[in-house]
Amino acid sequence: MIQDGKYYEYCGVIHVHTTDSDGTKTHDEVIEIAQETGLDFLLFNDHMTLKSKGKQGWHDKLLVIVGYEINDKDNHNHFLAYGLDEVLPAELTAHEYVHKVAESGGFGILAHPDEVRVSEKFPPYPWTDWEAKDFHGLEIWNHLSAWTEKIATSKLLWWLIHPRSFLTTPTERVLKLWDEENMRRKVVGIGSIDAHEHRYGFFLLRVLVFPYKVHFNTIRTYIITKKPLSNDFKEAENQFFDILGNCQVFFSNHKLGDASGFNFTASNNNGETIIGEQINYNSELKFRVNLPNIVHKDNSANIEIRLICNGKMVQKTNENNTEFECREPGIYRVELIKDEKGWVYSNHIRVVGA
């Protein structure tokens, strides 16, 4: 947790599997690795089980939440569900379980919604039931999904040995989907890791791909809040999902550097608004990007700052100029591109007509 005087920032990882399903370490082992890595929160999502829900709570300074990953009878339409006490009936359709999670007061995120690859060994699991409208969020950048798309095409051994090196940007498909959904309503965008710690056979070799510690240093999600998370777990859990639901979130590729200290704000003579909030438009409205703390220590960084409005890039600048004029109402987010690779992605600020 980092406090900058105005806001509290928490960093963690979402979508982690254990031996309860197809992961290779127990909850206790993964929690210990997360603590060693310095994470603030850790969200588990084993397939179709909540048998270790008792593991959730505060583990020293680490907030642990146990949800699960739902799929339909054809093993499609994977959905990260939180806030449930029991697993839903397995025969439900995607439309039905998305609605059930929302109806019960839970929180649901579409997992790897845009997977596209042609491989018998690594089949895609995209989201297909777009009649379901009760979801709260989208995985914009799923590490395992992006990796399997790469190894399904080329350079298999290279990607096995260097599983973080291929990360470039989220796909244009999912960014477009995210922006379009937010034109209608708030839908939080997160980064996720989909951690399993697989062993993969390559001729006579058995390569350990993505140890949990490696995964924890790839796609990270950050939340920003004006109040610290409570020491009481249940209250902290409610705060956490309120923050996610309000889209006070950004996510980053940690391999390119620690994104701590980043923020995206809008301000005018009526005050300041942070990521996920709303502000009225006027001619004095400006956006400001607070770059991650490490940028101030690295003068060689080559960073492009892109301002996205209603799904289109409308302005761009570099690390020497971190302000943008707001020219019209719309939904705005920013992307930081470092050395031609995606580094940090904010959720939207909503600018409405006065």
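Read on for an overview of the structure. (Residues numbered from 1 in each chain as written. Predicted model: local features only at pLDDT ≥ 70, side-chain atom pairs only at ≥ 80, totals over all residues. Heavy atoms only, no water.)

**Details of the state of the cysteines**
(1) Moving on: Tallied over the full model, the rule gives 0 disulfides.
(2) Moving on: We note that Cys-326 lacks a disulfide partner, and the nearest cysteine sulfur, in Cys-309, lies 7.3 Å from it. (Disulfide = S-S within 2.5 Å.)

**Some points on the side chain of Thr-221**
(1) Moving on: Along the chain, Thr-221 falls in strand β12 (residues 219–225).
(2) Moving on: Residue contacts for Thr-221: discarding those within four places in its chain leaves Tyr-10, Cys-11, Gly-12, Ile-14, Phe-41, Ile-190, Gly-191, Val-249, Phe-250 and Phe-251. (Helix = DSSP H or I, 4+ residues; strand = E, 2+ residues; numbered from the N terminus. Contact = heavy atoms within 4.5 Å.)

**Quick notes on the nonpolar core**
(1) Moving on: Val-16, Leu-42, Phe-79, Tyr-97 and Phe-216 are the most contacted members of the largest nonpolar core, which has 45 residues in total.
(2) Moving on: For this core, the secondary-structure elements that each account for two or more residues are β2 (8–16), α1 (27–37), β3 (41–47), β5 (62–70), β6 (79–82), α2 (94–103), β8 (137–142) and α5 (172–184).
(3) Moving on: Examining the composition of this core, we find that 5 residues originate from one element, β5, more than from any other.
(4) Moving on: Judged by nonpolar contacts, the second largest core, of 32 residues, contains Cys-11, Phe-262, Phe-287 and Leu-336. (Core = buried A, V, L, I, M, F, W, Y, C linked by side-chain atoms within 4.5 Å. Buried < 20%, exposed > 50% of the residue type's maximum accessible area, 1.4 Å probe, protein only.)

**Let's talk about the packing of aromatic side chains**
(1) Moving on: Tallying each qualifying case throughout the model produces 15 aromatic pairs.
(2) Moving on: Look at Phe-41 and Phe-240: their rings are 4.9 Å apart centre to centre, the planes differ by 65°, and that puts the pair in the edge-to-face class. On the criterion of sequence distance, the pair formed by Phe-41 in strand β3 and Phe-240 in helix α7 (residues 233–245) is long-range, its members being 199 residues apart.
(3) Moving on: We classify Phe-240 as buried; its relative accessible area is 0%.
(4) Moving on: Here the aromatic rings of Trp-141 and Tyr-345 are separated by 5.7 Å at their centres, their planes lie at 80°, and the arrangement is edge-to-face. Here Trp-141 is found in strand β8, whereas its partner Tyr-345 is found in strand β22 (residues 341–346), with 204 residues between them in sequence.
(5) Moving on: What makes Trp-141 buried here is its relative accessible area of 3%.
(6) Moving on: Of the aromatic side chains, those joined through ring pairs into one cluster are Phe-41, Tyr-82, Phe-107, Phe-240 and Phe-241.
(7) Moving on: When the ring centre of Phe-135 is taken as reference, the NZ or CZ atom of Arg-185 above it lies at 4.7 Å.
(8) Moving on: A cation over a ring is seen here: Lys-338 above Trp-343, with NZ or CZ 4.6 Å from the ring centre. (Phe/Tyr/Trp six-rings, centres within 6.5 Å; stacked < 30°, edge-to-face > 60°. Lys NZ or Arg CZ within 6 Å of the ring centre and 35° of its normal.)

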